[in-house]
Amino acid sequence: RVIVEQQVDEVLFSFDACTRSTLEAIRRGADFERVLHNIRRLSMLRDQAGSRLPVLGVNFVMMVRNVHEAPAFVDLARELGIAQIDFRHLVEGYDRFRLHDQQLARQPARFNHYRATIADAAARTGLSVYLPPPLEGDGRWTPGTDEPACSRDEFHAALGRFTPETDGQSLELA
């Protein structure tokens, strides 16, 4: 409530997936449903107040294990009241978590394929997105049969369970 009442300009969330298993593997200790409910609650409070603030944004760190979910996430973000998504690469050289094999810089054709798909989704939804420029590299990449599926079912089921009453929060502004 204070965020809305004080007219905070922008709130950014780190959310990197459409599915529980992907998000919770990337953001250890995160609770997929709780984060979705918190974003939804803030969006509803803002809308109830008739305010355009805060603008809600997401930082989405792209890597091999989640880039296939990024295009669907653009569509789903709109449902949460997200206005902008900042897609970023997993930082090169940060190997504390031993994620070298997850860096899309090592797979430019894969990144470029999903970059185009994300851009198409953004154009279709009107959502503001930042995408890093295409990576240099030869060849085209096509998802194979081993590419994980990105079901939107978990996302919609989690939002379907959202009610201010069951989450112990009133959406009334003081």
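You'll find the structure just up there.
Fair warning: this is a prediction, and the values are worked out from it, not measured in the lab. (Residues numbered from 1 in each chain as written. Predicted model: local features only at pLDDT ≥ 70, side-chain atom pairs only at ≥ 80, totals over all residues. Heavy atoms only, no water.)

> Mind showing me how you'd approach helix H3 (residues 32-48) here?
Each α-helix winds once per 3.6 residues, and so residues spaced three or four apart point in a common direction. Taking 1.5 Å per residue, 17 residues should reach 24 Å; H3 reaches 24 Å between its end C-alpha atoms and fits that length. Within H3 the residues assigned to the buried category are Phe32, Glu33, Leu36, His37, Ile39, Arg41, Leu42, Ser43, Leu45 and Arg46. For H3, the secondary structure elements touched by its buried residues are helix H1 (2-5), strand E1 (10-14), helix H2 (20-26), strand E2 (55-62), helix H4 (70-80) and helix H6 (153-160). You can read the cap of H3 off the contacts: a side-chain oxygen lies 3.1 Å from the backbone nitrogen of Glu33, and it is on Asp31. (Helix = DSSP H or I, 4+ residues; strand = E, 2+ residues; numbered from the N terminus. Expected span 1.5 Å × (residues − 1). Buried < 20%, exposed > 50% of the residue type's maximum accessible area, 1.4 Å probe, protein only. Contact = heavy atoms within 4.5 Å. Polar contact = N/O pair within 3.5 Å; in protein donor to acceptor, adjacent residues only side chain to side chain.)

> Would you mind showing me how to read the environment of Phe73 here?
Among the secondary structure elements, Phe73 is positioned in helix H4. Exposure remark for Phe73: the relative accessible area of 0% places this residue in the buried category. Sequence-distant contacts of Phe73, that is, excluding residues within four places in its chain, are made with Phe15, Ala17, Cys18, Val58, Phe60 and Ile85.

> Even after reading the chapter, I still don't get the packing of aromatic side chains, so can you show me in this structure?
The geometry of an aromatic ring pair is captured by the separation of the ring centres together with the interplanar angle, meaning the angle of the planes. For the structure on display, the rule yields five aromatic pairs. Seen in terms of ring centroids, Phe15 and Phe32 are 6.0 Å apart; in terms of plane orientation they differ by 35 degrees. Their pairing is tilted. With a gap of 17 residues between them, Phe15 in the loop between E1 and H2 and Phe32 in helix H3 connect regions that are remote in the sequence. With respect to class, Phe15 is no different from Phe32; both count as buried. Ring geometry for Tyr114 and Trp141: centres 5.4 Å apart, planes at 50 degrees, overall tilted. Taken as a pair, Tyr114 in helix H5 (residues 108-125) and Trp141 in the loop between strand E4 (128-130) and H6 lie far apart in primary sequence, 27 residues in all. Residue classification places Tyr114 among the buried residues on the basis of a relative accessible area of 6%. (Phe/Tyr/Trp six-rings, centres within 6.5 Å; stacked < 30°, edge-to-face > 60°.)

Keep in mind that these numbers describe shape and distance, not what the molecule does.
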